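Now for the letters of each chain:
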Amino acid sequence: MLFYALPAVATALIGTGAGYMIRKKVAEKQIGSAEEKAQEIVKQARLRAEAAKKEMILEAKDDIHKSRAELEKEVKDRRSELSRQERRQIQREESLDKKIASVEKKEETIQKKIKETAEKKEEIDRLHEIQLAELERISGLTKDDAKSHLLSEVEKDVKHEAILLMKEIEGKAKEEAEKKAKDIVAFAIQKCAADHVAETTVSVVNLPNDEMKGRIIGREGRNIRALETLTGVDLIIDDTPEAVILSSFDPIRREVARVALEKLIIDGRIHPARIEEMVAKAKKEIDAQIKQEGENATFDVGIHNLHPELVKLVGRLKFRTSYGQNVLKHSQEVAILAGIMAAEIGADVRLAKRAGLLHDIGKAVDHEIEGTHIEIGMNLLKKYKESKHVIHAMSTHHGDFESESIEAVLVTAADAISAARPGARRETLENYVNRLESLEKIANTKEGVDYSYAIQAGREIRIMVVPEKINDDDMVLLAKDIKKQVEEELDYPGHIKIHMIRETRHVNYAK
C-alpha cells in the first residue's frame, strides 16, 4: 500500500508546484499590465491637469483684462465728470463776477442819483424860499399872519362839522332814549304781571282748617323756622283762608317743601324733629320723581341706552327754567324738531334726537359747577361716555364752536325754533333767577358758611354758619364782608337783608 501511495503524493506535489508557478506568472503578468494602466492613467491625469491649468490661466488673464478695461472706463468717466464740474465752476465764477460788476455799477448809479437828489432838494428849498418871499410880498402878509388866517378858516370848517356831528349824535341819542323808554315801560308792565310770578315762583299748599296755620308756625315760630331752614323756602302765612304759600326761586326746593308740608299735615305731628324727618323723606321722593321724569322723557323721544346718571340729569331739567321756558319740555321739543328735520333731509335721526335732548344738559347742574352750560354739558357727556358726534352736535347750538356736521346744524336750528315761539321765553325771569343764584353763590364761597338760601324774592338771604368755625363776633364781620361783596358785584332793586344764623344742637338719650 505504501508503495502505491508514494507516487500519488509525488504527483500531487508536482501538480501543486506547477500550478503555483503558473499562477505566479499569470499574476506577474497581470501586475505588469496594471502598472502600465496606472502609468497611463497618471499620464492622462497630468495632461488634463496641464490643460485645466492653461485654461484657468487664460480665464484669469481674460478677467484681468476685463477688470482693467472697466477700471480704465471708470477713470475716464470720473475724469470727464471732473472736467464738467470744473467747467460749471468756472462758469459760476464768471457769472458771479458779472453780477458783482453789475452791483458795483448799480451802486455807482445810486450814489450818483443820491447826489443829484440832494442837489435838487437844495434847489427846491431855495426856490421855495424865493416863492415864499414873493407870496409874502404879493399878499402883504407874513408867514405867521398867513398861518393864523389859515387856522381861522380851518376852525370855522371844524366848528361846522362839529355842529353836524352833534346833531347826528343827538338824533341817535333820541332814538336810543326812545328805545330805552320803551324797555322801561315794558319792564314796568311786566313787573305788574302778578299771575306770572305766582305761577313760576310760588306753590300753594291747602290746609284742612285755619287752625293748622298755628301748628305750622309752632311755639315762638320754631316749626316754621325749622321748615324754612331745612328747605330754603320762604313760608308765607297770611289771611288767605286754609292755604299756605311756599315761595322760592328754586323749584326743587319748593317741591321738597310742598311734599314735606303735605306729609306733616296728614301726619298731624308737627315739631322740629318730625319736620327734619319729613324733609328727608320728601327729598328721597323728589329724587325718585326726577329719575322717573328722565326715563319718561327719554322714552317719549325714543332715545335708549342713556347712562343712568344722564337720565337723572334729564329729569332734573323739569325743575329748571330758561327765560321762563321749562328746560325739559324745551329739550324734548328740540329733540323732536331735530329728528323730524333729520328724517326729511336724510341725516342721522337718532343722533339728531340724542343731541337735541342733551343739548341743555349742563343747565341741570350749572348752579353747582363753574362754567357755561355748554362747557358743563360737554364735560358731563364725556364723563358718561357719549360719542364725540353727540358732544359736537350739542356743543354748537350757541355758536361757541363751528358746526362740522348736518346734525349739529339741525340741533342749532331746532333750539332756535323752540326758543323763538311766541311766549316761549321771558328774559326777566332768567335774570331774576340768575341774580338769586349769584346771591347764594357769594354767601356759599365764604369760609365757615354751611349753606344759604335766597328768599323773599331776593330781598333776604339766610345764611347758616358752622358753629364750630364761626362765633358770634365772627358773624358780624362775615355779614359785613358779604354785604360789601353783594353791593360791589350785584345789581338789584331796593335792599337785601343778610340774615346770619348760628345754631348749636346737643342731643342725649334717657335710658
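Residues numbered from 1 in each chain as written. Predicted model: local features only at pLDDT ≥ 70, side-chain atom pairs only at ≥ 80, totals over all residues. Heavy atoms only, no water.

**Q** What exactly am I supposed to notice about the sheet that holds strand β6 (residues 449-455) here?
**A** The strands that make up a sheet pair up through hydrogen bonds in the backbone, lying either parallel or antiparallel. Strands sit in the order β6-β7-β8 across an open sheet of three strands; the sheet is mixed. Of all strands in the sheet, those with a lone pairing partner are β6 and β8 (497-501), marking the two edges. Each adjacent strand pair in this sheet contributes to an overall mean axis angle of 20°, direction not counted. Note: strand β7 (residues 460-465) against β8, five bridges, orientation parallel. Across the sheet, the residue bridging to M464 is I501, located in β8. Contacting β6, β7 and β8, helix α15 (residues 472-489) crosses the sheet at an angle of about 150° to β8. (Pairing = 2+ DSSP bridges. Helix = DSSP H or I, 4+ residues; strand = E, 2+ residues; numbered from the N terminus. Axes fitted to C-alpha atoms, helices over the stretch in contact; angles between N-to-C directions. Contact = heavy atoms within 4.5 Å.)

**Q** Explanation requested: helix α7 (residues 272-301) in the structure shown.
**A** One full turn of an α-helix is made of 3.6 residues, so residues set three or four places apart face in the same direction. Under the 1.5 Å per step criterion, the end-to-end length of α7 is 43 Å for 30 residues, consistent within 8% with the ideal 44 Å. When α7 is considered as a whole, its buried residues turn out to be R274, I275, M278, V279, A282, I286, I290, E293, G294, A297, T298 and V301. Against the buried residues of α7 lie α5 (222-231), α6 (251-267), α8 (308-316), α9 (327-345) and α10 (349-358). Positive phi shows up at G302, right after α7, with a value of about 90°. (Expected span 1.5 Å × (residues − 1). Buried < 20%, exposed > 50% of the residue type's maximum accessible area, 1.4 Å probe, protein only.)

**Q** When you look at a negative patch on the surface in this model, what are you seeing that I'm missing?
**A** On the surface, E55, E59, D62 and D63 cluster together into a negatively charged patch. Its location among the elements puts E59 in helix α1 (residues 2-139). The exposure class assigned to E59 is partly exposed, which follows from its relative accessible area of 44%. (Patch = residues over 30% accessible without salt bridge, like charges linked within 9 Å, V, L, I, M, F, W, Y side chains within 5 Å. Areas by Shrake-Rupley, 256 points an atom, 1.4 Å probe, with all protein chains shown as cover. Salt bridge = Lys/Arg side-chain N within 4 Å of Asp/Glu carboxyl O. Lys, Arg positive; Asp, Glu negative; His and termini not counted. Charge placed at Lys NZ, Arg CZ, Asp CG, Glu CD.)

**Q** Just to check I follow, could you spell out the sheet that holds strand β2 (residues 234-236) for this structure?
**A** Sheet architecture is open: three strands sit in the order β1-β3-β2, paired in antiparallel fashion. Looking at the sheet topology across the chains shown, the edges are occupied by β1 (202-206) and β2. Ignoring which end each strand starts from, the neighbouring axes of this sheet average 25° apart. Across five bridges, the pairing between β1 and strand β3 (residues 243-247) is antiparallel. Bridge assignment links S203 to a residue of β3, and that residue is L246. Against the sheet, α6 engages β1 and β3, with an angle of about 5° to β1.

**Q** Hey, could you run me through the packing of α6 against α7 in this one?
**A** When two helices pack together, their arrangement is captured by the angle between the axes and the distance separating the axes. One way to put it is that α6 packs onto α7 with a least axis distance of 8 Å and a crossing angle of 125°. Classified by the angle between their axes, α6 and α7 sit oblique to one another. The chirality of how α6 crosses α7 is right-handed. For the pair formed by α6 and α7, the contact residues are I252, E255, V256, V259, A260, K263, L264 and D267 on the first element and R274, I275, M278, V279, A282, K283, E285, I286, Q289 and I290 on the second. Within the contact of α6 with α7, the residues separate by chemical class into eleven nonpolar, one polar and six charged. (Parallel < 35°, antiparallel > 145°, perpendicular 65-115°, else oblique. Left-handed = near helix turned anticlockwise from the far one by under 90°. Nonpolar A, V, L, I, M, F, W, Y, C, P; charged D, E, K, R; others polar.)

**Q** Honestly, the packing of aromatic side chains in this entry has me stumped. Any pointers?
**A** The way to describe two aromatic rings as a pair is by their centre distance and the angle between their planes. Enumeration over the complete set of coordinates arrives at one aromatic pair. Geometrically, the ring pair formed by Y451 and Y453 is tilted, given 5.6 Å between the ring centres and 55° between the ring planes. Accessibility expressed as a relative area gives 26% for Y451, which makes it partly exposed. (Phe/Tyr/Trp six-rings, centres within 6.5 Å; stacked < 30°, edge-to-face > 60°.)

**Q** What exactly am I supposed to notice about the nonpolar core here?
**A** Nonpolar side chains in soluble globular proteins tend to be buried together. Residues L306, L310, L313, L358, I361 and L381 are the most contacted members of the largest nonpolar core, which totals 38 residues. Counting residues per element, the ones that place at least two in this core are α7, α8, α9, α10, α11 (373-383), α12 (388-395) and α13 (406-420). It is α9 that provides the largest number of residues to this core, a total of six residues. Other than its neighbours up to four places away in sequence, L310 contacts I361, L381, Y384 and E386. Grouped together as the second largest cluster of nonpolar side chains are 28 residues, V259, I275, I286 and I290 included. (Core = buried A, V, L, I, M, F, W, Y, C linked by side-chain atoms within 4.5 Å.)

**Q** Is there a simple way to think about unusual backbone geometry in this case?
**A** Leaving glycine out, the prevailing phi sign among residues is negative, and the prevailing peptide bond configuration is trans. The phi angle at N305 is positive, at roughly 65°, despite the residue not being glycine. By the element assignment, N305 lies in the loop between α7 and α8. A relative accessible area of 71% means that N305 is categorised as exposed. Backbone geometry places K385, a non-glycine residue, at a positive phi of 65°. Along the chain, the position of K385 falls in the loop between α11 and α12. On the basis of relative accessible area, K385 is assigned to the exposed category, the value being 72%.

**Q** Even after reading the chapter, I still don't get the pattern of salt bridges, so can you show me in this structure?
**A** Two side chains of opposite charge can pair, provided their charged atoms sit close to one another. This structure, assessed with the given rule, holds 23 salt bridges. Note that D125 is salt-bridged to K121, the shortest N-O span being 3.3 Å. Pair noted here: D125 and K121 are both in helix α1, with a separation of four residues, about one helical turn. D125 gets classed as partly exposed once you look at its relative accessible area, which sits at 36%. Notably, a salt bridge pairs E447 with K469, separated by 4.0 Å at the nearest N-O pair. Separated by 22 residues along the polypeptide, E447 in the loop between α14 (427-444) and β6 and K469 in the loop between β7 and α15 bring together distant segments of the chain.

**Q** Whenever I open this one, the side chain of E228 confuses me. Can you help?
**A** On the secondary structure map, E228 appears in helix α5. Apart from the residues within four sequence positions on either side, E228 is in contact with V233, D234, L235, Y453 and R462.

**Q** Would you mind going over the side chain of H359 with me for this structure?
**A** Summarising the element assignment, H359 is placed in the loop between α10 and α11. Residue classification places H359 among the buried positions, given a relative accessible area of 0%. Only 3.2 Å separates the side chain of H359 from the side chain of H330, close enough to count as a polar contact. Other than its neighbours up to four places away in sequence, H359 contacts H330, S331, V334, H373, M394, H397, V411 and D415. (Polar contact = N/O pair within 3.5 Å; in protein donor to acceptor, adjacent residues only side chain to side chain.)

**Q** What am I meant to see in the packing of α7 against α9 here?
**A** For the pair α7 and α9, interaxial distance at closest approach is 10 Å and the crossing angle is 20°. With respect to each other, α7 and α9 are oriented roughly parallel. Of the two elements, α7 crosses α9, and the hand of that crossing is right-handed. Along the contact surface, α7 presents E293, A297, D300 and V301, while α9 presents L328, Q332 and A335.

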